[in-house]
Amino acid sequence: MERIAEYAERLGLVRLPEILGSIAEEAAREDISYTDFLERLLSEESQAAKERTTQALMRFARFPFIKTIDTFDFSFQPSIDKKLIKELATLRFIHRGENVVFLGPPGVGKTHLSVALGLLAAEGGNRAYFATISEMIERLKKGQADGRLKERMKVYISPKVLIIDEVGYQTLDQEASSLFFEVICQRYEKGAVILTSNKTYGQWGEIFGGDSVIAAAILDRLLHHSTTINIKGESYRLKEKRRAGILKKPNERGE
Ligand code: ADP
Ligand code: MG
């Protein structure tokens, strides 16, 4: 047993020493063949390795919370085509390097659905990375200041899918706009982007301080191979407050 544990460690088989005893006992009890015994061991080891990879990918992705498509209440948000979300959940768009844009007011589930897709990607063994646009810009600006832009850019360029959250809440200055443009350009037709925004495309000029040229250039690349999901409903957060009796229904306020 000791020698087996040593070999296992050398080979990086971390699960094997933990399960060898019980699987060996099970094998003796059930009188299974040597090959069946080996198969059971290897299948456990490979399952454990897969779980470790998924865990690492999840940590790497920096999701702000863990939410899934199963926990999304589509009946509350009828403007979302459930079939379209199911299609996105196949992750074909990620393998094709296409983009998904969620547009809509606060609280309608843009981040929830983005994270859910990112999570599926990570579970499928893909590198996903989540950042709000302000985090991304802040780090890239820092990179520019300390001469490590290329290195920092890699964080946003190399993942298979990049989630850029909350585009539009803050106006971007010229430096921020061109850094954002750089990220979109470098990922164009190579890596998928999932983006959320509270602004309609028509309002995107405002995000770039009225620079409609850069807005158009970014949208041009972003939307070339993409799916836009326009969410028109009510905030889920407010619904929950309403249910708790903290807020009144809109019609009760006389609106
Ligand atoms: P947004 O990013 O559009 O502002 P979020 O995705 O952060 O909104 O949603 C706000 C909160 O409400 C989150 O906790 C999210 O999980 C939840 N939520 C939003 N819409 C739904 C929904 N249709 N079903 C279940 N939970 C939802
Ligand atoms: Mg959000």
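This text goes with the structure placed above it.
Here the structure is a predicted model, which means the values were calculated and not measured.

Draft legend 1. View of the side chain of K110. Following the sequence through the fold, K110 ends up in helix α6 (residues 110-123). One buried charge, K110, has no salt-bridge partner; the nearest side chain with opposite charge is D165, at 6.9 Å. Looking at K110, its side chain comes within polar contact range of the main-chain oxygen of G104, at 3.0 Å. In terms of polar contacts, K110 uses its side chain to reach the backbone carbonyl oxygen of P105, at 2.8 Å. Dropping the residues within four chain positions of it, K110 is found in contact with F102, L103, G104, P105, Y169, T196, S197, N198 and I231.

Draft legend 2. How the structure looks around unusual backbone geometry. Although it is not a glycine, D31 sits at a positive phi angle of roughly 55 degrees. By the element assignment, D31 lies in the loop between α2 (16-30) and α3 (34-61). The phi dihedral of E189 is positive, around 60 degrees, even though this residue is not glycine. Looking at the secondary structure, you find E189 in the loop between α9 (174-187) and β4 (192-197). Judged by relative accessible area, which is 46%, E189 ranks as partly exposed.

Draft legend 3. Main features of the packing of aromatic side chains. Counted by the stated rule, this structure contains 7 aromatic pairs. Summarising the aromatic geometry, the rings of W204 and F208 are spaced 6.3 Å apart at their centres and angled 55 degrees between planes, so their arrangement reads as tilted. Taken as a pair, W204 and F208 share a single burial class, namely buried. An aromatic cluster is defined as three or more aromatic residues linked by ring pairs; in this entry it consists of F180, Y201, W204 and F208. Sitting over the ring of F65, K67 keeps its end group 5.0 Å from the ring centre.

Draft legend 4. Structural detail: the nonpolar core. If you look at the biggest cluster of nonpolar residues, it comprises 31 residues, and the most contacted ones within it are F63, I80, I85, F93, F102, I194 and I229. Elements that contribute at least two residues to this core include exactly α3, α4 (82-88), α5 (92-95), β1 (99-103), α6, β2 (128-132), β3 (161-167) and β4.

Draft legend 5. Molecular detail of the sheet that holds β3. Read from one edge to the other, the open sheet built from 5 strands follows the order β2-β3-β4-β1-β5, with strand pairing classed as parallel. One side of each edge strand has no neighbouring strand; the edge strands of this open sheet are β2 and β5 (226-230). For this sheet, the mean inter-axis angle between neighbouring strands, taken without regard to orientation, is 10 degrees. Relative to β5, β1 runs parallel, the two being bridged by 5 bridges. Across the sheet, the residue bridging to F102 is I229, located in β5.

About the criteria used
- Residues numbered from 1 in each chain as written.
- Chains lettered and ligands numbered in written order.
- Predicted model: local features only at pLDDT ≥ 70, side-chain atom pairs only at ≥ 80, totals over all residues.
- Heavy atoms only, no water.
- Helix = DSSP H or I, 4+ residues; strand = E, 2+ residues; numbered from the N terminus.
- Buried < 20%, exposed > 50% of the residue type's maximum accessible area, 1.4 Å probe, protein only.
- Lys, Arg positive; Asp, Glu negative; His and termini not counted.
- Salt bridge = Lys/Arg side-chain N within 4 Å of Asp/Glu carboxyl O.
- Polar contact = N/O pair within 3.5 Å; in protein donor to acceptor, adjacent residues only side chain to side chain.
- Contact = heavy atoms within 4.5 Å.
- Phe/Tyr/Trp six-rings, centres within 6.5 Å; stacked < 30°, edge-to-face > 60°.
- Lys NZ or Arg CZ within 6 Å of the ring centre and 35° of its normal.
- Core = buried A, V, L, I, M, F, W, Y, C linked by side-chain atoms within 4.5 Å.
- Pairing = 2+ DSSP bridges.
- Axes fitted to C-alpha atoms, helices over the stretch in contact; angles between N-to-C directions.

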